Amino acid sequence: MLEKMTNGSKRGDGGRTAGEQQDEDRAMIRLEALTKRYPGQRQAAVEELDLEIPAGRIVTFVGPSGCGKTTTMKLINRLIEPTSGRIHLDGRDVTEVAPHVLRRNIGYTIQQGGLFPHRTVADNIATVPRLLGWDRERIAARVDELLDLVGLAPQTYRRRYPKQLSGGQQQRVGVARALGGDPQVMLMDEPFGAIDPLNREALQNEFLRIQAEVRKTIVFVTHDIDEAVKMGDRIAIFGDGGVVHQYDTPERILADPADDFVSDFIGAGASVRRLSLTPLGALPVPDWPTVGDSAGGEERAAAARRAGHGHLMVLDDDGRPAGWLRVEDGAPGERLPLLTPLGPDATLFDALDRMLAANSSALAVVDGDGGYRGVVTMDAVRELINSTAAHAPRPHGSGGSDALQEV
Ligand SMILES: Nc1ncnc2c1ncn2[C@@H]1O[C@H](COP(=O)(O)OP(=O)(O)OP(=O)(O)O)[C@@H](O)[C@H]1O
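The structure presented is a predicted model; accordingly, all values stated were derived computationally and were not measured. Sequence positions are assigned chain by chain, starting from 1 and proceeding in written order. The predicted nature of this model means local features are confined to residues of pLDDT at least 70 and side-chain atom pairs, given and counted, to a pLDDT of 80 or more, with totals for whole chains, interfaces and linings taken over all residues.

**Comments concerning the overall build of the protein**
Step number 1: Strands here mean DSSP runs of E at least two residues long; helices mean DSSP runs of H or I at least four residues long; both are numbered from the N terminus. Along the protein, the regular secondary structure elements total 16 helices and 16 strands.
Step number 2: Residues counted as buried form 44% of the 407 residues belonging to the protein. Using C-beta atoms placed from the backbone, we call a residue buried if 20 or more other C-beta atoms fall within 10 Å of its own, exposed if 12 or fewer do, and partly exposed for counts in between.

**Focus: the environment of Asn-205**
Step number 1: If you trace the backbone, Asn-205 turns up in helix α9 (residues 197-214).
Step number 2: C-beta crowding within 10 Å serves as the criterion here: with 18 such atoms nearby, Asn-205 is assigned to the partly exposed category.
Step number 3: Taking the C-alpha atoms as reference, Asn-205 lies 13 Å from Gly-168; in sequence the two are 37 residues apart.

**Some words on the sheet that holds strand β4 (residues 84-89)**
Step number 1: Each pair of strands is called paired provided DSSP finds at least two bridges between the two strands. Overall, antiparallel pairing links the 4 strands, which are arranged β2-β1-β4-β5 in an open sheet. Lying at the two open borders of the sheet, with one neighbouring strand each, are β2 (46-54) and β5 (92-93).
Step number 2: Relative to β4, strand β1 (residues 27-36) runs antiparallel, the two sharing 5 bridges. Opposite Leu-31, over in β4, you have Ile-87 as the bridge partner.
Step number 3: Residue pairs are scored as contacts if the distance between their C-beta atoms, which are placed from the backbone, is within 7 Å. Note on geometry: axes are C-alpha line fits, over the in-contact stretch for helices, and angles between N-to-C directions span 0 to 180 degrees. In this fold helix α2 (residues 69-76) packs onto β1, β2 and β4, with an angle of close to 120 degrees to the strand it touches most, β1.

**Structural notes on the environment of Leu-203**
Step number 1: Along the chain, Leu-203 falls in helix α9.
Step number 2: In this structure Leu-203 comes out as buried when scored by C-beta crowding, with 23 C-beta atoms within 10 Å.
Step number 3: Residues Leu-203 and Arg-103, 100 residues apart in the sequence, show an inter-C-alpha distance of 24 Å.
Step number 4: In this structure Leu-203 touches Gly-168, Gln-171, Phe-192 and Ile-195, once residues within four positions along its chain are discounted.

**Looking at the nonpolar core**
Step number 1: Put simply, a nonpolar core is buried Ala, Val, Leu, Ile, Met, Phe, Trp, Tyr and Cys residues tied into one set by C-beta atoms within 7 Å. Core analysis: the largest hydrophobic core is formed by 67 residues, its most contacted members being Ile-125, Ala-176, Leu-187, Val-219, Phe-220, Ala-236 and Ile-237.
Step number 2: Not counting residues up to four positions away in its chain, the partners in contact with Leu-187 are Met-73, Ile-76, Asn-77, Ile-106, Tyr-108 and Val-219.
Step number 3: In terms of nonpolar packing, the next biggest core, distinct from the first, is built from 30 residues, Val-314, Leu-315, Leu-342 and Ala-351 among them.

**Focus on the domain arrangement of the protein**
Step number 1: Boundary definitions for the domains trace back to an automatic or database domain assignment. For the protein, the assigned domains are domain 1 (18-278) and domain 2 (281-406).
Step number 2: The C-alpha-based centres of domain 1 and domain 2 are spaced at 39 Å.

**Details of the sheet that holds strand β8 (residues 217-222)**
Step number 1: With mixed pairing, the 6 strands of this open sheet are ordered in space as β6-β7-β8-β3-β9-β10. Two strands bound the open sheet, and with one partner strand each, they are β6 (106-109) and β10 (243-248). Geometrically, the sheet is characterised by an average inter-axis angle of 15 degrees between neighbouring strands, direction not taken into account.
Step number 2: Pairing analysis gives 5 bridges linking strand β3 (residues 58-62) to β8, with the strands arranged parallel. Paired with Thr-60 across the bridge in β8 is Phe-220.
Step number 3: The sheet contacts of α2 involve β3, β7 (185-189), β8 and β9 (234-239), and relative to β8 the element is tilted by about 155 degrees.

**Let's talk about the pairing of β9**
Step number 1: In terms of residue burial, β9 counts as a mostly covered element, since 5 of its 6 residues are buried.
Step number 2: Here 4 bridges tie β3 to β9, and the two strands are oriented parallel to one another. Residue Val-62 lies in a different strand from β9, and its bridge partner there is Ile-237.
Step number 3: Bridge count for β9 against β10 is 5 bridges, and the pairing is antiparallel. Its bridge partner being in β10, Ala-236 is matched across the sheet by Tyr-247.

**As for the environment of Gly-193**
Step number 1: Residue placement: Gly-193 occurs in the loop between β7 and α9.
Step number 2: What makes Gly-193 partly exposed here is the crowd of 16 C-beta atoms within 10 Å.
Step number 3: Placed 30 residues apart in sequence, Gly-193 and His-223 show a C-alpha to C-alpha distance of 8.4 Å.

So, in structure tokens, the structure goes:
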């Protein structure tokens, strides 16, 4: 369905002005010494939690069952009240805001969408706009706009009831409903938990695309570390009693876990997971010797002499990769077919996967328009896997690994 985020960037940071960046670095939600002790429970569900959630970012809460993720989320929109501590939303103490007003400014989705079964899709999505007193036309336009945004044709879906939708479609409507009143903040409690793995990946990608457009402040609860890594600009790793063991970017959590609990939780395969955080669009892809497809014999021979041995990348008249030309002892040899090039959205994980599947050690990399950018090799990917924490890409795609330059 929809592509992964480009540009280093499920975060979609490209083209942001310094002012916008600064705006999004401010805390939208600030939790201070937040504690919740349920009646009759000896251990607190959440204890002395301090956490800042930056504006316009996705923070994933991940951890084993019963460690206080949902409780923290419900404290934020006052579905439950804290035992002690403070919650600030956009600089304001939430206890100063009436709960119903607060919730209009905080979208909330739960597993399986939590839709009202006896209301149509349109009525479900219109819930908050109605509470906000919008007129009919504005609400109808908003419903259609949101259905389009989540990839459901308004004509087909607006009059359906939830039971006439697949689980994935219900989930999309749940997201559309949470976005209904254009809230600043979205709280999403295992929103894709009940979806099969294939549709789940599609929904994740789609949601990241939507987020690049709407830039909400999002708290996203999940059990699944892979989902936390994929969706989160930052991850909070919760342990027993609502204790946060590490709160950091996915890159740093995978490269440098704070303690044994975090290491155990992220488990084996952290290096491979890190590969999926690095889109080729955010990396300096090394150049490779090329030759034009329409080059004459002389030019071709000269290019082969320069290359000496190996392969030349053949480019068509529009500068797109068209194939490989084998070079032996400085002379052009046989022409070899091209595997589908990797686009800017492809990650290093995709590059490795494609190379292993095709038994190839080098793949062409193209820009968004299909123009040639360079070549990624198996050695470059291997280098990254072996690299240490020092090579971890900087948060928000600002850095990127140097490993590729070593090819
Ligand atoms: N209403 C309640 N009354 C008493 N105890 C509760 C209540 N809700 C949650 N708890 C307890 O608080 C702790 C934290 O629960 P919470 O639902 O926040 O965890 P969680 O991390 O979201 O778990 P899961 O991943 O299984 O959804 C658990 O021990 C749970 O049993």
